[in-house]
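Chains, contacts and geometry: an overview
Listed below are the residues making up each chain.
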Amino acid sequence: MTNKPKSLLYFVIGCLLYLSMPLAGYCQSAYEHLQDAAGQHEGNMPDPKKSISQKTVNPAVAGMLAKKHRLERILIENIQKYDQWIQKCDETIASSSSIIFKAQKAGNINAEAIARQALDKAQKAKKNYLEQKQKNEQQLRQVKKAVKDLSGSLMNGSVPADMRGVVSKSSGEVSLLRANSGPKATSLTKYPVPNLGYLAPGDEFQTGNDGKAEVQIMGGRGVMTMGGNSKIRVEKDNGNAEVVRTLEGKFHFIVDKAEKFQADLETDMAALKDTLGQISVDSKETYDRLMKEMKAKVQKKLEVKNRGGSTSSIRGTEFVVNEKQDGSCDLVVIDGKVEVTEPDGGKSVMVETGHAVLISSDGKLSGVRQLDTTAIIKWWEELP
């Protein structure tokens, strides 16, 4: 009788040691979300009789599509991991339930209490894993649709040659004013016609009061998220930089560092070889040309101009821009460095991680101050 309760106790302790492993790594969902805009149109289906010349294969779209393929692989791997963890939780739940039953029969109160703790912990972990799995499954469905849409556009050659951004997901009211198309903006909320989600120089894109949007930029190297009542204008490239101007509202930018972008490039682009084989007479030549153009983007930077005319130069970082109603602007660097320069060659300051700079309505800099970045409300993560 004495050996049986002890063996039960040892088994329970073993279960607890297993369950005491950190759960944080298991509970992390994929941060890189690539969802479709609400009601986005179906991608144009490729014409199998049409062979696209290598001149019409847009390298920016190819880069974004390659990145989406990578996100697809990551999400599939996440789902498989959650399935494994859920199975382990089920095994622990079954074992703990059995121990509780045996401990009750043996009258071993301590063994029963420990087993109940293990059971409770396993049930909570399983619930969390199921929630994370469902989120990843939802994201995977949206990524697959985004891949289909971009693949259709790439294969039909229907993307503007000067395309600089893709609206990858949105919620609420969003609209686009094309350059030289008159004063009336077109609603993108339901994507009534193809390709309105692509942004070119001169285009103005904005969100309504309840709107949020995510825009892929720099051939997939960068992501810009816009809050409600926000507006940007895509401008012409400035030498070796792609340029956007924040006109009103709040924005969150992430630009991959050159080293990371370079490291991911070969793997990401390799996923496009089959697609290129369907749309080009010489897929190898097209692939080599695209690789050359994409590698050239490693040295590119992003310039963000605010209403006052100051310029922020970015090569790889995460930062937030908040255009205020009085015309001034706050720029906060969450990770990396951003060089901010006043208009007409004025003074420049380097804003580093955990610091911010206030930019006046006429583009003048007020000095750099330190902030607690952990206290920043991450509104950009609320986009469904």
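Within each chain, residue numbers correspond to sequence positions counted from 1 in written order. The predicted origin of the model limits local features to residues at a pLDDT of at least 70 and limits the giving and counting of side-chain atom pairs to 80 or more, whereas totals for whole chains, interfaces and linings rest on all residues. Calculation of side-chain values draws on the structure's entire complement of heavy atoms; hydrogens and water are dropped beforehand.

Structural notes on the nonpolar core
Here, nonpolar core refers to any group of buried Ala, Val, Leu, Ile, Met, Phe, Trp, Tyr and Cys residues whose side-chain atoms link them within 4.5 Å. Each residue gets one of three labels from its accessible area relative to the maximum for its type: buried under 20%, exposed over 50%, partly exposed in between, using a 1.4 Å probe on protein chains only. Counting residues in hydrophobic clusters, the biggest one holds 33 residues, and the most contacted among them are Phe 205, Phe 253, Leu 302, Phe 319 and Val 340. For helices the rule is a DSSP run of H or I covering at least 4 residues; for strands it is a run of E covering at least 2, with both sets numbered from the N terminus onward. If one sorts the elements of this core by residue count, strand β9 (residues 241-255) sits on top with four residues. Residues contacting Leu 302, with those up to four places away along its chain left out, are Ile 217, Met 218, Glu 242, Val 244, Phe 253, Val 255, Ser 312, Ser 313 and Ile 314. In what follows, residue pairs with any heavy atoms lying within 4.5 Å of each other are defined as contacts.

Observations concerning the packing of aromatic side chains
Stacked, tilted and edge-to-face are the three classes assigned to paired rings of Phe, Tyr and Trp, where Trp is represented by its six-membered ring and a pair needs centres within 6.5 Å; plane angles under 30 degrees give stacked, over 60 edge-to-face, the rest tilted. In this structure the tally under the stated criterion is six aromatic pairs. Pairing Tyr 82 with Trp 85 gives two aromatic rings, centres 5.4 Å apart and planes at 80°, and the pair type is edge-to-face. Placement of the pair is Tyr 82 and Trp 85 together in helix α3 (residues 59-106), with a separation of three residues, close to one helical turn. Note on accessibility: Tyr 82 and Trp 85 belong to one class, buried. With 4.8 Å between their ring centres and 5° between their planes, Phe 253 and Phe 319 make a pair best called stacked. Of the two residues, Phe 253 sits in strand β9 while Phe 319 sits in strand β12 (residues 317-323), which places them 66 residues apart along the sequence. According to the relative accessible area criterion, Phe 253 is buried, its value standing at 0%. Note on Phe 319: relative accessible area 0%, which makes it buried. Following the ring pairs from residue to residue traces out a cluster consisting of Tyr 82, Trp 85 and Tyr 129.

Brief notes about the confidence of the model for the protein chain
Here the protein chain shows a mean pLDDT of 79. Residues at 70 or above account for 78%. Strand β8 (residues 231-235) holds the highest mean pLDDT among the elements of the protein chain, 95, whereas helix α2 (residues 24-27) holds the lowest, 35. Contacts for the low-pLDDT stretch residues 15-55, under 50 throughout, to residues beyond four places or in other chains number 111 contacts. Confidence of the prediction at every residue is given by pLDDT, a number between 0 and 100.

Quick notes on α3
With 48 residues, α3 ought to run about 70 Å at 1.5 Å a step, and its terminal C-alpha atoms sit 70 Å apart, in line with that. A positive phi of about 75° marks Gly 107, the residue just after α3. Expected helix span is taken as 1.5 Å per residue step, with the number of steps being one fewer than the number of residues.

Focus: the pattern of salt bridges
Any Lys or Arg side-chain nitrogen found within 4 Å of a carboxyl oxygen on Asp or Glu counts as a salt bridge. Using the criterion set out here, one finds 19 salt bridges in the structure. Residue Lys 212 is joined to Glu 382 by a salt bridge in which the shortest nitrogen-to-oxygen separation is 3.9 Å. In this pair, Lys 212 sits in strand β6 (residues 212-217) while Glu 382 sits in the segment after β17 (365-370), placing the two residues 170 residues apart along the sequence. Glu 235 is the partner of Arg 233 in a salt bridge, and the nearest nitrogen-oxygen pair spans 3.4 Å. The exposure class of Arg 233 is partly exposed, given its relative accessible area of 24%. A relative accessible area of 17% means that Glu 235 is categorised as buried. Each of Glu 204, Lys 231, Arg 233, Glu 235 and Arg 245 takes part in a single network of salt bridges with overlapping partners.

Some details on the pairing of β9
In terms of residue burial, β9 counts as a mostly covered element, since twelve of its 15 residues are buried. In short, DSSP must find at least two bridges between two strands for them to pair. The sheet contact formed by β8 and β9 spans five bridges and is antiparallel. Paired with Arg 233 across the two strands is Arg 245, which belongs to β9. Count of turn residues in the β8/β9 antiparallel hairpin: five residues, of which Gly 239 carries a positive phi of about 65°. As defined by bridge partners, β9 adjoins strand β10 (residues 301-305) across five bridges and the pair is classed as parallel. In the sheet register, Ala 241 faces β10, and the bridge partner there is Lys 301. With seven bridges joining them, β9 and β12 adopt antiparallel strand pairing. Looking across to β12, one finds that His 252 is bridged to Val 320.

Things to note about the environment of Ala 200
Tracing the sequence through the fold places Ala 200 in the loop between β4 (198-199) and β5 (204-207). We classify Ala 200 as buried; its relative accessible area is 9%. In the structure, Ala 200 is positioned 34 residues away from Val 234 in sequence and 6.4 Å away in space, judged by C-alpha atoms. Those residues in contact with Ala 200 that lie beyond four places of it in its chain are Asp 162, Arg 164, Arg 178 and Val 234.

Looking at unusual backbone geometry
Not every positive phi belongs to a glycine, and Asn 180 is a case in point at roughly 60°. Here Asn 180 lies in the loop between β2 (174-177) and β3 (186-187). In this structure, Asn 229 takes a positive phi of about 50° despite not being glycine. With respect to the secondary-structure elements, Asn 229 resides in the loop between β7 (222-226) and β8. Residue class for Asn 229 comes out partly exposed when judged on its relative accessible area of 39%.

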